[in-house]
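# Structure at a glance
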Amino acid sequence: MTTMVKTMMLSCALSLGGCAAGPDFTRPTPPSATRYTAESLLGESVSSDDQLQHIALGQNIEGAWWTLFRSDAIDQLVTQAVEHNRTLTASMATLAQAQELALARAGSRYPQVDLTGGAGRQQYGKEFLGPIGIPPFTYFAVGPTVSYALDYTGGVARSVEQQYALAEVERHQLDAAYLTVTGQAVMQTLMIASVHAQIATIETILAQDRDNLRLVQTAFDSGSVAREDVVSAQSQIANDMTLLPPLRQELGRARHALSVVLGRAPAGELPDGMDLAQITLPLQVPVSLPSELAHRRPDILAAEARLHAATSAVGVAQSNLYPKIQLTASVGEQSLKADQLFDRASNAWSIMAGLTAPVFDGGTLRAEKRAAVDAMRASAATYEQTVLEAFAQVADLLEGLDHDAEQLDAQDHAQQAAQSSLELSRTSYKEGNAGVLQVLDAERSYQQARLGYVRAVAQRYLDTVQLFLALGGTSPSVSLGATFSQLSPPSRDTERLRSEPPAAF
């Protein structure tokens, strides 16, 4: 009879052990959208032979995204940033911590075995033995103790699943940090190159101002113009000189920001080669489909992992509503003499099963379950919002590339027209058909058009980088391969994490 009862209890426990409390996590279905913008973009119809950027919708970036700029300086700076950036180092350590915590939590699914040993001298009092008197005695004991929480509701499995999902969040956070670091390295490099180009443009304009001053001074010396023309020409030089300090300040900020990304002090030297003319603008811009973007961007994947963790938390809260069953067994040797500790007569053992069931808790456990369900719904809404914002960001940047092309074309025409007007004004001034004020006005127009053109060129580069980042860039393993793996050594049981996906619980 006893054997039959044990068999029935074991069968019931095994059958219940296959269940798991709470809902099973299902990966969200990618959006059905096939494009980001409602209208076709100018870049989608551009042929590959044109000098305009072509939007290759449906294609993914092959290799490291920054190599599309074909700049050795950018390649070297990105490599240095990945090797020495402190934020990336901190993210790697945080991921390793999350992995170890997941493995630690996974150990709770197995029996816990402890080895205990002790020696002491003891005397029991009246409270324990009453009128029976036992003289003081010395004892020795050693042996293992085994305890196991019977997870018939699947609550422990859900808690392990939750911890694995949180480790997955940190993995995507590392990918996001990697994307940010590589993006900042490229962005700051382009900013430095852009400011260098603007400073060179101002210096060219100042050289033209000095030529104009010499022209006016010669005319004044010959008595053909008044002193006011010389003062006006000098004033133009002074006004143009005011453009340099803000640009130099902007250059300093960009250099300091790049130094921080590279893990260096701002006083350190930066490599040469930051010339916008030596950086190739990618004419073929691969743009993944919206359905693929949802499985590429680190922030979307992190939101998905948080939703997974919140879903598992519902199961944990639901399992707390059921009784807890704890199995404990111990076996050991106990003796009053050390030399008799391992005799057969010193054997001692025990087997216990304990059950704890919630009876009255003031509604705490059910409130906690409802809170977990609310948290899951909030995580689901946050995930959907993250996806929508990602799509909107990509759409903005795609349209931005179109507008950049239009702006560059307009600035090019404005620059050519301003240059022609300036040349005509100078010729007219030499011939005495125009005053110096007309020349200065033409110079100001040319200065604005020239600077506008340089800034429009730089903006195309910057918006292209932003688009690559908005598309999720490329994963560290694809970008740097073994180099990144060496920088981020896996946890001792990283492969075990991958071989035991949360879906298996």
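Residues numbered from 1 in each chain as written. Predicted model: local features only at pLDDT ≥ 70, side-chain atom pairs only at ≥ 80, totals over all residues. Heavy atoms only, no water.

## A few points about the confidence of the model for the protein chain
Our working rule: Known as pLDDT, the predictor's per-residue confidence is scaled from 0 to 100. We call two residues in contact when some of their heavy atoms are within 4.5 Å.
Looking at the protein chain as a whole, the pLDDT averages 84, with 89% of positions reaching at least 70. Low pLDDT, under 50, characterises residues 1–18; the stretch is placed with 4 contacts to residues that sit more than four places away or in other chains. Across residues 481–505, confidence stays below pLDDT 50; counting only partners more than four residues off in sequence or on other chains, it has 37 contacts.

## Description of the pattern of salt bridges
Applicable threshold: We count a salt bridge whenever a side-chain nitrogen from Lys or Arg sits within 4 Å of a carboxyl oxygen from Asp or Glu. A run of DSSP states H or I qualifies as a helix once it reaches four residues; a run of E qualifies as a strand once it reaches two. Both are numbered from the N-terminal end. Only protein chains enter the accessibility calculation, which uses a 1.4 Å probe; a residue whose area is less than 20% of its type maximum is buried, one above 50% is exposed, and one in between is partly exposed.
All chains considered together, the criterion is met by 10 salt bridges. We note a salt bridge from glutamate 304 to arginine 27, for which the minimum N-O separation is 2.6 Å. Residue glutamate 304 is located in helix α9 (residues 298–319), and its partner arginine 27 is located in the loop between α1 (2–17) and β1 (54–57); the two are separated by 277 residues in the primary sequence. The exposure class of glutamate 304 is buried, given its relative accessible area of 8%. Note on arginine 27: relative accessible area 42%, which makes it partly exposed. In this structure, arginine 158 engages glutamate 161 in a salt bridge whose closest nitrogen and oxygen atoms are separated by 2.8 Å. Placement of the pair is arginine 158 and glutamate 161 together in helix α5 (residues 155–221), with a separation of 3 residues, close to one helical turn.

## Considering the packing of aromatic side chains
Where we set the bar: Stacked, tilted and edge-to-face pairs are distinguished by plane angle, under 30 degrees for stacked and over 60 for edge-to-face with tilted covering the rest, among Phe, Tyr and Trp rings (Trp via its six-membered ring) whose centres lie within 6.5 Å.
Evaluated as defined, the whole model comprises 7 aromatic pairs. Ring centres of phenylalanine 137 and tyrosine 139 lie 6.4 Å apart, and the angle between their planes is 55 degrees; on these two criteria the pair is classed as tilted. For tyrosine 139, a relative accessible area of 29% puts it in the partly exposed group. Ring pairing ties together the aromatic residues Trp65, Trp66, Phe69, Tyr461 and Phe468, which thus form one cluster.

## A word on the sheet that holds strand β5 (residues 324–335)
In plain terms, the rule: We treat two strands as partners when DSSP finds at least two bridges between them. For helices, the fitted line uses only the C-alpha atoms of the stretch in contact; every axis is such a line through C-alpha atoms, and the angle between N-to-C directions lies from 0 to 180 degrees.
The 4 strands are arranged β2-β3-β5-β6 in an open sheet whose pairing can be described as antiparallel. Either end of the sheet is taken by a strand with one partner, and the two such strands are β2 (112–122) and β6 (347–356). Taken over all neighbouring pairs, the strand axes of this sheet differ in orientation by 20 degrees on average, direction set aside. Alignment of β2 against strand β3 (residues 137–150), held across 11 bridges, turns out to be antiparallel. Looking at β3, one finds that glutamine 122 is bridged to phenylalanine 137.

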